[in-house]
Amino acid sequence: MIAARTLDSFSCSASRPLESYRLLQLARLLVHAGRCHEAVAPLRRAVLLTDSYRPLTAASRLLKSLEDARAVESSRVCRIAIIGNAIFDFEIPVLRVIAFAHKIDLVVLKGAYNQFAQETLDSTSELYSFKPEAVIVALNSHYLAFPELPPDPDSLVSRTLDDIAQIWDGLANRLHCHVFQHNFVVPEVSPYGSLSGGQPGGTAHTIRRLNMTLLERAARRHDVTVLDIDQIASLMGKQDWNDERMWLAAKQYPASNAIGPLATHYVAAIRALVGLAAKCVVLDLDNTLWGGVIGEDKLEGIRLGGSPEGDAFVRFQRYLQGLRARGILLAVCSKNDESDARAPFLHHPETVLGLEDFSAFVANWKPKAENIRVIAERLSIGIDSLVFIDDNPAEREAVRRALPDIHVPEMPGDPALFVEALHRTFLFETLSLTSEDTIRHAGYKADRDRDALKESVDSLEEYLSSLQMQIYIHAFDKANLPRIAQLINKTNQFNLTTWRMTAEQLLAYTETPGNYTQFLRLRDRFGESGITGILMASPEGRELRIDQWLLSCRILGRRIEEAMLASVWNYARSNGFAALLGVYAPTARNTLVAGLYERLGFTLLEQRYDGSRIYRAALDSDRSAPDFFLTEDSTSITHAI
Amino acid sequence: MTDQLTTIFRDTFDLPDLEIDGLSRATFPEWDSLAQVKLILAVEEEFGIKFTIDQVANMSSVAELRAELTSRGAV
């Protein structure tokens, strides 16, 4: 074990491949010494630092040992299938090990070569008994076999799209799964040379049209996302993307070294699907947002704009501002005196970011891990939703060790490469933009105003009525399903059953006759909180059972739950149900609501062996929400999607 | 060369004690077409060479592989 200790202490090698190799060796030594639990963290890091085929397959073999030893804990299990016109034997181990690095336990079913049509049409196929949450339709350009300059390229495009849409329909009708559809790589070679792209009917021209139309078709459905494989191939370089020998000899596509980048994008899409996208970037300041040290170099000495190096920091700030505009929070965590740390954002002529762009700003001399915990708490988001950016490898390593759940990308030494380094983590991928994403900042600002008000009034009751809360309760509708799915998949504390569902499963639940759904929007004198509460219930004989009940932690402590209960209560009563049933399924993170049903007057009916508890409340009289709410409730009127 | 080749074969077939002398596709059923491609990829990367499409499809014994590596000066 001396070797392992030496490898462990020798941290932060010069290059990513070397560092990856070191960590892989460390993980291997630990596995051979039977210390599988300790091998998990270095193996995860080794995988995140490489996208080459060989180290990734070596890592996948080690993962198998770790799984055999039951040493791996994942935050989420996800079942996916890959079908298409290639073999997937090489891809799957790589895909699983990259998912493992992101704490997802991926169970994968591979389709047979070129059997995707039969697999989707035959309802007895393994695909359907497997019940995947998502299906990747991995068709490549060999599927198209477009002739050059056909008489009617338009009809070629629309026929191809109809065939693909038929696969989508087959999947949608039999499975409530999400579909990830490959687009097509515009080929490098053509007998027509550059005319292939310029001439209508040229293969490159037609495939570009097809790709655009594919996006338009997919945009009309909520259950299909197009994966931009052409872009991924371009990123790598099309000369290296395909290895024609592997295609001819084994129907393997793309080339072995393209499998890592492809699988990385698959995992980013899967993370987005299950609601694991990162929500906040926590930033160091000196040599991260500007060159130099503000405490020593002062405002006039730091490098921000005005020189090639300074412009690199401006470019990085611009990228961060772009992230913020799409709903990713920014926070500062810096070892500085607070007044020094704030000065560039207030007074530097070239700064892109201003103080108002940060949802939390912590500058002091405490260990960063400690400050990051404070930031997470203040913003009410989990450590696993944070991305920490620091130019200093020692700080990164310290934070990684103290907070194993946080994302800490390796940053290059050169600020000109910061944007790409952050972008290529693909941690912020989402399947769609919800309106909540863009109003989130306003929300956090309003939270701070509310806290100030809370300190100025005496009783909780007085505080709550002074908020002038207006509640809007509605049944689920298609437009809001993406946001509802997001909330269901990331809420941990006020969550009675922690039942994770995809948008497709939600739609199926909503469309089942007799089922009840409500989502809640909240507005108060400080602003709009968006969709922050979910409740779903289904009939069980003469009783209505609450299957799903959760509240965003941003609005806890405002007695919103009483308004939600009143709504389902009165709905159930007027629809002739005798009682409401409630379920509490304990997890490591939802003890907050362990006593909720008792507090609301339910009685314990049954305690199951798995620790879950069933409660019941008879519906003998109407129930009303606390009178400081102004409530608008449409769930009793409309109840169909 | 023997050491590197042995490691590649042992990793590919997940058989830590595999001895590769005299091994061929004809006598070793695990060496199927999928394993063939895995072996070729690993050997190419280890020795920094590229095989032709004919070799990718038809190379069928350790002896052949060794002869090819020797003739390319990859030892």
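Numbering of residues starts from 1 in each chain and follows the order in which that chain's sequence is written. In the order they appear in the text, chains get letters beginning with A and ligands get numbers beginning with 1. Only residues with pLDDT of at least 70 get local features here, since the model is predicted, and only at 80 or more are side-chain atom pairs given and counted; chain-wide, interface and lining totals rely on the full set of residues.

### Things to note about the overall build of chain A
To be explicit about the condition: Strands here are runs of E lasting at least two residues and helices are runs of H or I lasting at least four, both read from the DSSP assignment and numbered beginning at the N terminus. C-alpha atoms define the radius of gyration, and 2.2 Å times the number of residues to the power 0.38 defines the globule rule. Each residue gets a C-beta atom placed from its backbone, and two residues are in contact if those atoms lie within 7 Å.
A count of helices and strands for chain A gives 26 helices and 17 strands. For 641 residues, the compact-globule estimate of 2.2 N^0.38 gives 26 Å, and chain A sits close to it at 27 Å. In terms of overall dimensions, chain A has a C-alpha envelope of 80 × 70 × 55 Å along the principal axes. Of the contacts made within chain A by residues no fewer than 6 positions apart, 71% connect residues no fewer than 24 positions apart.

### What to know about the overall build of chain B
This is how it is decided: Think of it as a crowd count around each C-beta: if 20 or more other C-beta atoms lie within 10 Å the residue is buried, if 12 or fewer it is exposed, and in between it is partly exposed, with C-beta placed from the backbone throughout.
The secondary structure content of chain B amounts to 4 helices and 0 strands. Whereas a compact globule of 75 residues would reach a radius of gyration of roughly 11 Å, chain B reaches 11 Å, a difference of no more than 12%. Taken over the C-alpha atoms alone, chain B extends approximately 25 × 25 × 20 Å along its principal axes. Burial analysis of chain B (75 residues in total) assigns 20% to the buried set. A separation threshold of at least 6 residues defines the contact pool for chain B, and within that pool the share at least 24 residues apart is 53%.

### Description of the environment of Phe313(A)
Residues and elements named next belong to chain A. Take Phe313: it is sitting in helix α16 (residues 308–325). Residues Phe313 and Thr288 lie 25 residues apart in sequence; the distance between their C-alpha atoms is 7.5 Å. If we skip the residues at most four places from it in the chain, Phe313 touches Leu289, Trp290, Gly291, Arg303, Leu304 and Pro415.

### Section: the confidence of the model for chain B
Here is the rule: What pLDDT reports is the predictor's confidence in each residue, on a scale of 0 through 100.
The predicted model of chain B has a mean per-residue pLDDT of 91, with 96% of residues at 70 or higher. Model confidence for the complex: the whole-complex pTM is 0.76, and ipTM, which rates the interface, is 0.90.

### Topic: helix α23 (residues 481–490) of chain A
Residues lying three or four places apart along an α-helix face the same way, a consequence of the helix completing one turn every 3.6 residues. Most of α23(A) sits inside the fold, with 8 of its 10 residues counted as buried. Turning to α23(A), its buried residues number three or more, namely Leu481(A), Arg483(A), Ile484(A), Ala485(A), Gln486(A), Leu487(A), Ile488(A) and Lys490(A).

### A few points about helix α4 (residues 53–68) of chain A
Residues and elements named next belong to chain A. The condition is simple: Given a helix with a known number of residues, its expected span is that number minus one, times 1.5 Å.
Helix length check: α4, at 16 residues, gives a terminal C-alpha distance of 23 Å against a target of 22 Å (1.5 Å per residue), a fit within 8%. Against α2 (16–32), α3 (36–48), α5 (91–101) and α14 (256–273) lie the buried residues of α4. Positive backbone phi, approximately 55°, marks Arg70, located one or two places after α4.

### Some points on the sheet that holds strand β5 (residues 224–227) of chain A
Residue and element names in this part refer to chain A. Definition in use: For two strands to be treated as a pair, DSSP must find no fewer than two bridges joining them. The convention used is that axes are lines fitted to C-alpha atoms, helices contributing only their stretch in contact, and that angles between N-to-C directions extend from 0 to 180 degrees.
Spatial ordering of the open sheet is given by β2-β1-β3-β4-β5, a layout of 5 strands whose pairing is parallel. If you trace the sheet from one side to the other, it starts and ends with β2 (104–110) and β5, each paired once. Averaged over all neighbouring strand pairs, the angle between strand axes comes to 25°, with direction disregarded. Inspection of the sheet shows strand β1 (residues 76–84) paired to β2 by 7 bridges, in the parallel sense.

### Describing the environment of Ala172(A)
Here Ala172(A) lies in helix α8 (residues 153–174). Separated by 51 residues in sequence, Ala172(A) and Asp223(A) have C-alpha atoms that sit 7.9 Å apart.

### A closer look at the interface of chain B and chain A
Rules: Following the grouping adopted for this structure description, the nonpolar residues are Ala, Val, Leu, Ile, Met, Phe, Trp, Tyr, Cys and Pro, the charged ones are Asp, Glu, Lys and Arg, and the polar ones are all others, Gly among them.
Between chain B and chain A, the residue contacts involve 10 residues of the former and 10 residues of the latter. Within the residue set of the side of chain B that touches chain A, elements represented by two or more residues are α2 (33–47) and α3 (53–58) of chain B. The element that contributes the greatest number of residues to the side of chain B that touches chain A is α2(B), accounting for 6 residues. Its residues assigned to classes, the side of chain B that touches chain A shows 7 nonpolar, 1 polar and 2 charged.

### What to know about the packing of α4(A) against α5(A)
Residue and element names in this part refer to chain A. For the record, the criterion: An angle below 35 degrees is read as roughly parallel, one above 145 as roughly antiparallel, one from 65 to 115 as roughly perpendicular, and any other as oblique.
Between α4 and α5, the least distance of the axes is 9 Å, while the angle of their chain directions is 70°. By the criterion of interaxial angle, the relationship of α4 to α5 is roughly perpendicular. On α5, the residues touching Leu56, Thr57, Ala59, Ser60 and Leu63 of α4 are Pro93, Val94, Arg96, Val97 and Phe100. Tallied by class, the residues present in the contact of α4 with α5 amount to 7 nonpolar, 2 polar and 1 charged.

### Re the sheet that holds strand β11 (residues 516–524) of chain A
All names here are of chain A. The 8 strands lie next to each other as β15-β16-β14-β13-β12-β11-β10-β17, forming an open sheet whose pairing is mixed. A strand with exactly one partner marks an edge of an open sheet, and here the two such strands are β15 (603–607) and β17 (630–633). Each neighbouring strand pair of the sheet contributes to a mean axis angle of 25°, computed without reference to strand direction. Judged from the 4 bridges that link them, strand β10 (residues 470–474) and β17 form a sheet pairing that is parallel. Among the inter-strand pairings, Ile471 is bridged to a residue of β17, identified as Thr631. Along the sheet, α23 contacts β11, β12 (527–540) and β13 (543–551); its crossing angle with β12, the most-contacted strand, is approximately 80°.

### With respect to unusual backbone geometry
Residue and element names in this part refer to chain A. Residues Tyr253 and Pro254 are joined by a peptide bond in cis, for which omega reads 0°. Looking at the secondary structure, you find Pro254 in the loop between α13 (244–250) and α14. At Leu149, a position not held by glycine, the phi torsion is positive, near 45°. By the secondary structure assignment, Leu149 is in the loop between β3 (134–138) and α8. Its identity as a non-glycine residue notwithstanding, Arg559 has a phi of 60°, on the positive side.

### Focus on the domain arrangement of chain A
The parts lose accessible area when they come together, and the size of an interface is often stated as this lost area. Residue and element names in this part refer to chain A. Note the cut-off: Here the limits of each domain have been adopted from an automatic or database domain assignment.
For chain A, the assigned domains read domain 1 (1–72), domain 2 (74–273), domain 3 (280–423) and domain 4 (435–633). Computed from C-alpha atoms alone, the centre-to-centre distance between domain 1 and domain 2 is 31 Å. The interface is formed by 12 residues belonging to domain 1 together with 14 residues belonging to domain 2. At the level of secondary structure, the elements contributing two or more residues to the side of domain 1 that touches domain 2 comprise α3 and α4. Per-element tally for the side of domain 1 that touches domain 2: the top contributor is α4, with 6 residues.

### Comments concerning the nonpolar core
All names here are of chain A. Filter applied, for reference: The term nonpolar core refers to a group of buried residues, namely Ala, Val, Leu, Ile, Met, Phe, Trp, Tyr and Cys, whose C-beta atoms join them within 7 Å.
Core analysis: the largest hydrophobic core is formed by 141 residues, its most contacted members being Ile270 and Val282. Broken down by element, this core gets its largest block of residues, 10 residues, from α14. When near neighbours in sequence (up to four residues on either side) are disregarded, Ile270 contacts Cys78, Ile80, Ala99, Ile104 and Ala134. Counting residues in each nonpolar core, the second largest holds 51 residues, with Phe476, Ile534, Ile560 and Tyr597 among its members.

### Topic: the packing of α3(A) against α4(A)
Residue and element names in this part refer to chain A. Quick reminder of the rule: With the far helix as reference, a near helix turned anticlockwise by less than a right angle produces a left-handed crossing, and one turned clockwise produces a right-handed crossing.
One way to put it is that α3 packs onto α4 with a least axis distance of 11 Å and a crossing angle of 155°. When the interaxial angle is binned, α3 and α4 end up roughly antiparallel. Crossing handedness for the pair α3 and α4: left-handed. Of the residues in α4, those touching α3 at Cys36, Ala39, Val40, Leu43, Ala46 and Val47 are Leu56, Ala59, Leu62, Leu63, Ser65 and Leu66. Its residues assigned to classes, the contact of α3 with α4 comprises 11 nonpolar, 1 polar and no charged.

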